[in-house]
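A look at the structure
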Amino acid sequence: MRNKRIMVVGAKGCGKTSLVNYINDYTGPLKRTQDTIYTGLTIDVPSAFVENAWMYQHVIALSQDACCVLIMVDQSRPVEIYSYGFAKALYCPSFGVISKCDQKHENRYRCEEQLRMIGVKEPFYAISLTEGIGVDILKKRLIGFKEGRGSNL
């Protein structure tokens, strides 16, 4: 599992690339692309792969190279892009990340319900990269999970 990466999926604008950069300690400019980006620790999956159900086959195939998948939902605009049971089709454990948790608090329950509907089990990780909420804990747990120091997050 040590050579496998942390895969990150989510809708456009949910903070995927920012989270990937944070996990990889990258502080340069955002690299936005329509391609899958492999870095030292992560796989950044284009939003089109989860926003179009006919492309799920690519997400499922990519999950074979992952130690886990972070499935992101955006609390500031919780659009429902995932199909029912989406997480159950993946080849590795999945974990729910609620991004932009400092915004639109009234959407929290909707985000949690969306994660449950797609098959992600609790706990869910609420983060805000702009406010620094929850990201250090998530990163520490992810690195521990990737290195085999924990069976779950």
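Check the entry above for the structure.
Residues numbered from 1 in each chain as written. Predicted model: local features only at pLDDT ≥ 70, side-chain atom pairs only at ≥ 80, totals over all residues. Heavy atoms only, no water.

What follows concerns the sheet that holds strand S6 (residues 125–126). On the basis of which strands lie adjacent, the open sheet formed by 6 strands has the order S2-S3-S1-S4-S5-S6 and mixed pairing. Strand pairing shows two members of the sheet lacking a second neighbour, strand S2 (37–38) and S6, which therefore form its edges. When strand S5 (residues 94–99) meets S6, the two strands line up parallel, connected through 2 bridges. Each bridged residue has a counterpart across the sheet, and for isoleucine 98 the counterpart in S6 is alanine 126. Helix H1 (residues 16–23) contacts strand S1 (5–9), strand S3 (42–44), strand S4 (66–74) and S5 of the sheet and is inclined by roughly 165° relative to S3. Contacts between helix H5 (residues 135–146) and the sheet are confined to S1, S4, S5 and S6, with S4 contributing the most and set at about 155° to the helix. (Pairing = 2+ DSSP bridges. Helix = DSSP H or I, 4+ residues; strand = E, 2+ residues; numbered from the N terminus. Contact = heavy atoms within 4.5 Å. Axes fitted to C-alpha atoms, helices over the stretch in contact; angles between N-to-C directions.)

Looking now at the pattern of salt bridges. If you walk through the whole model with that rule in mind, you get 5 salt bridges. The salt bridge involving arginine 77 is made with aspartate 74; its shortest N-O contact spans 3.8 Å. Its relative accessible area of 35% is what places arginine 77 among the partly exposed residues. The salt bridge involving lysine 100 is made with aspartate 74; its shortest N-O contact spans 3.3 Å. (Salt bridge = Lys/Arg side-chain N within 4 Å of Asp/Glu carboxyl O. Buried < 20%, exposed > 50% of the residue type's maximum accessible area, 1.4 Å probe, protein only.)

For the bond running from glutamate 122 to proline 123, omega is 10°, close enough to zero to count as cis. The backbone of aspartate 25 sits at a positive phi, close to 55°, despite the residue not being glycine.

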